[in-house]
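# Observations on chain architecture
Each chain is listed here by its residues.
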Amino acid sequence: MSFKSLIAGSAIVLASALAPALLRAHAYPMVVVPADGAVLRDGPREIRIQFTEGIELEFSRIDVKNAAGEKMSVGNLRRIADDTVAVAVKALGPGAYRIEWQVLSVDTHVTDGVLRFTVSGGK
Ligand SMILES: [Cu+2]
């Protein structure tokens with residue numbers, strides 16, 4: 001929707017158009033690769049997360065852990081865009097994995113959470 005047509009709309013339309021933006025005021029995962037709950041034949045080479053707003057790389061982390069709690073991610077977060085980062089992972093065998101993320105968004109709020117995926121190994 002263009003800004004012009006937004007102005008032309010009613011106040012009710014304007015309010016409903018702005019509400020979702022306010023609800024997304026902190027940084028939460030918007031696009032995750034692999035997706036939360038995904039079952040993959042082969043382990044991913046990296047984990048990539050696009051957040052709902054820009055994040056501060058130096059105060060953010062993404063740890064990938066196996067079922068035993070061992071850290072499987074390696075190296076620093078790599079910035080792909082203001083709101084998108086990636087982290088490399090070791091070769092992942094079949095099993096369940098957790099992505100533990102914590103980020104500082106550009107609006108100074110810290111958010112965190114856990115995402116999951118499974119490597120099937122083709123079975
Ligand atoms: Cu916020």
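### Some thoughts on the overall build of the protein
Scanning the protein for helices and strands turns up 2 helices and 8 strands. Starting at the N terminus and ending at the C terminus, the protein contains elements arranged as α-α-β-β-β-β-β-β-β-β. Taking all 123 residues of the protein together, the buried fraction comes to 20%. For the protein, contacts bridging at least 24 residues in sequence account for 61% of all contacts bridging at least 6.

### A few points about the environment of leucine 115
Structurally, leucine 115 can be placed in strand β8 (residues 110-119). Look at leucine 115 and you get buried, because 20 C-beta atoms sit within 10 Å. Setting aside residues up to four positions removed in sequence, leucine 115 forms contacts with Pro29, Val32, Asp36, Ile99 and Trp101.

### Digging into the sheet that holds strand β5 (residues 73-81)
As summarised here, the arrangement of the 4 strands in space is β1-β3-β6-β5, forming an open sheet in which the pairing is antiparallel. What marks the edges here is a single partner per strand, and that holds for β1 (29-33) and β5. The mean inter-strand angle of the sheet, taken between neighbouring strand axes irrespective of direction, is 20 degrees.

### Examining the confidence of the model for the protein
On average, residues of the protein score 87 in pLDDT, and 80% of them are at 70 or above. Per-residue pLDDT stays below 50 along residues 9-16; that stretch engages in 2 contacts with residues further than four places along the chain or on separate chains.

### A closer look at the sheet that holds strand β7 (residues 95-105)
Taken in spatial order, the 4 strands make up an open sheet running β2-β8-β7-β4, and their pairing is mixed. Looking at which strands have only one partner, the edges of the open sheet turn out to be β2 (38-40) and β4 (55-65). Each strand of the sheet is rotated relative to its neighbour by a mean of 25 degrees, with strand direction disregarded. Sheet topology places β7 next to β8; 10 bridges connect them, and they run antiparallel. Its bridge partner lying in β8, arginine 98 is registered against arginine 116.

### Points about the nonpolar core
Of all hydrophobic cores here, the largest spans 19 residues; its most connected members are Ile47, Ile49, Ile62, Val64, Val87, Ile99 and Trp101. Taken together, the elements giving at least two residues each to this core come down to β3 (46-51), β4, β6 (84-89), β7 and β8. Broken down by element, the residue count for this core peaks at 4 residues, all from β7. Setting aside residues up to four positions removed in sequence, isoleucine 47 forms contacts with Ile62, Val64, Ser73, Ala86, Val87, Val89 and Ile99.

### So, the pairing of β6
Burial along β6 is one-sided: the residues Val85, Val87 and Val89 are buried and none of Thr84, Ala86 and Ala88 is. Note that β3 and β6 share 5 bridges and pair antiparallel. Looking at β6, one finds that isoleucine 47 is bridged to valine 87. Across 5 bridges, β5 lies against β6 in antiparallel orientation. Following the sheet pairing, arginine 78 is matched in β6 by alanine 86. The turn joining β5 and β6, which pair antiparallel and follow one another in sequence, is formed by 2 residues.

Cut-offs and rules
Residues numbered from 1 in each chain as written. Predicted model: local features only at pLDDT ≥ 70, side-chain atom pairs only at ≥ 80, totals over all residues. Helix = DSSP H or I, 4+ residues; strand = E, 2+ residues; numbered from the N terminus. Buried ≥ 20, exposed ≤ 12 C-beta atoms within 10 Å, placed from the backbone. Contact = placed C-beta atoms within 7 Å. Pairing = 2+ DSSP bridges. Axes fitted to C-alpha atoms, helices over the stretch in contact; angles between N-to-C directions. pLDDT = per-residue confidence, 0-100. Core = buried A, V, L, I, M, F, W, Y, C linked by C-beta atoms within 7 Å.

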